[in-house]
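Each chain is listed here by its residues.
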Amino acid sequence: MTTNIRQVEFLARAIVNRLEDRGLVEFGDAEIGIQIVTRTLEENFQAYDSIELEASGRLAKTIGTREPSDEELTQEMERVAAERNFIL
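Residues numbered from 1 in each chain as written. Predicted model: local features only at pLDDT ≥ 70, side-chain atom pairs only at ≥ 80, totals over all residues. Heavy atoms only, no water.

Thoughts on helix H1 (residues 5-21)
Then, in step 1: A rise of 1.5 Å per residue sets the reference length of H1, with its 17 residues, at 24 Å; its end C-alpha atoms lie 24 Å apart and thus fit the reference within 8%.
Then, in step 2: All of the buried residues along H1 are Val8, Ala12 and Val16. Looking down the long axis of H1, one finds its buried residues gathered within 70° of arc, a one-sided arrangement. The exposed set on the far side of H1, more than 90 degrees from its buried face, consists of Arg6, Phe10 and Asp21.
Then, in step 3: Buried-residue contacts for H1 involve helix H2 (30-63).
Then, in step 4: By the N-cap criterion, in which a side-chain oxygen at the helix start approaches the backbone nitrogen of a residue two or three places on, H1 is capped by Asn4, the distance to Arg6 being 3.0 Å. (Helix = DSSP H or I, 4+ residues; strand = E, 2+ residues; numbered from the N terminus. Expected span 1.5 Å × (residues − 1). Buried < 20%, exposed > 50% of the residue type's maximum accessible area, 1.4 Å probe, protein only. Arc of directions from axis to C-beta. Contact = heavy atoms within 4.5 Å. Polar contact = N/O pair within 3.5 Å; in protein donor to acceptor, adjacent residues only side chain to side chain.)

Below you can see the structure in the form of structure tokens.
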């Protein structure tokens, strides 16, 4: 799940705009809010990628050379995420 910085910034901008439109949060400077949301999204995407990589590695040890199914990978990712207290 690789993302580029432009996609992350676009998503952050949309999130900040939606939060402000609904009156849920008020940023004195929207750009600061966008930076905070961008950083948070980047950290979460990195954590997701790390969990996916670890889950793939664990599965490779148990199933050998066979490619894991999407369901197997998802289940293993959920186990890894639970160990790290990360919600997918």
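Comments concerning the packing of H2 against helix H3 (residues 70-83)
Working note: a packed helix pair is described by the angle between its axes plus the distance between those axes.
Then, in step 1: Viewed as axis vectors pointing N to C, H2 and H3 meet at an angle of 120°, and their least axial separation amounts to 8 Å. Classed by the angle they form, the pair H2 and H3 counts as oblique. Regarding H2 and H3, the two cross each other, and that crossing is right-handed. Of the residues in H3, those touching H2 at Tyr48, Ile51, Glu52, Glu54, Ala55, Ser56, Arg58, Leu59 and Ile63 are Glu72, Leu73, Glu76, Met77, Val80, Ala81 and Glu83.
Then, in step 2: Split by residue class, the contact of H2 with H3 holds nine nonpolar, one polar and six charged. (Axes fitted to C-alpha atoms, helices over the stretch in contact; angles between N-to-C directions. Parallel < 35°, antiparallel > 145°, perpendicular 65-115°, else oblique. Left-handed = near helix turned anticlockwise from the far one by under 90°. Nonpolar A, V, L, I, M, F, W, Y, C, P; charged D, E, K, R; others polar.)

Notes on the nonpolar core
Then, in step 1: In this structure, Val8, Ala12, Val16, Phe27, Ile34, Val37, Leu41 and Phe45 together form the largest nonpolar core, which totals eight residues.
Then, in step 2: Mapped by element, the contributors of at least two residues to this core are H1 and H2.
Then, in step 3: The leading source of residues in this core is H2, at four residues.
Then, in step 4: Membership of the second largest hydrophobic core comes to seven residues, among which are Ile51, Leu73, Met77 and Ala81. (Core = buried A, V, L, I, M, F, W, Y, C linked by side-chain atoms within 4.5 Å.)

Observations concerning H2
Then, in step 1: With 34 residues, H2 should cover 50 Å at 1.5 Å per step; its first-to-last C-alpha distance of 48 Å lies within 8% of that length.
Then, in step 2: Of all the positions in H2, only Gly33, Ile34, Val37, Thr38, Leu41, Phe45, Ile51, Ala55 and Leu59 are classed as buried.
Then, in step 3: The inward-facing, buried residues of H2 abut H1 and H3.
Then, in step 4: Two residues or fewer past H2, Gly64 is found with a positive phi of approximately 80°.

Section: the pattern of salt bridges
Then, in step 1: Under the defined criterion, the tally for this structure stands at seven salt bridges.
Then, in step 2: Note that Arg58 and Glu54 form a salt bridge whose closest N and O atoms lie 2.7 Å from each other. Here Arg58 and its partner Glu54 are both found in helix H2, four residues apart, which amounts to about one turn of the helix.
Then, in step 3: The exposure class of Arg58 is partly exposed, given its relative accessible area of 26%.
Then, in step 4: Taking the relative accessible area as the measure of exposure, Glu54 reaches 27% and is therefore partly exposed.
Then, in step 5: A salt bridge links Arg58 to Glu83, with the shortest nitrogen-to-oxygen separation between them at 2.6 Å. Of the two residues, Arg58 is situated in helix H2 and Glu83 in helix H3; the sequence distance between them amounts to 25 residues.
Then, in step 6: On the accessibility criterion, Glu83 (53% relative accessible area) is exposed.
Then, in step 7: Because the salt bridges share partners, they merge into one network encompassing Glu54, Arg58, Glu76, Arg79, Glu83 and Arg84. (Salt bridge = Lys/Arg side-chain N within 4 Å of Asp/Glu carboxyl O.)

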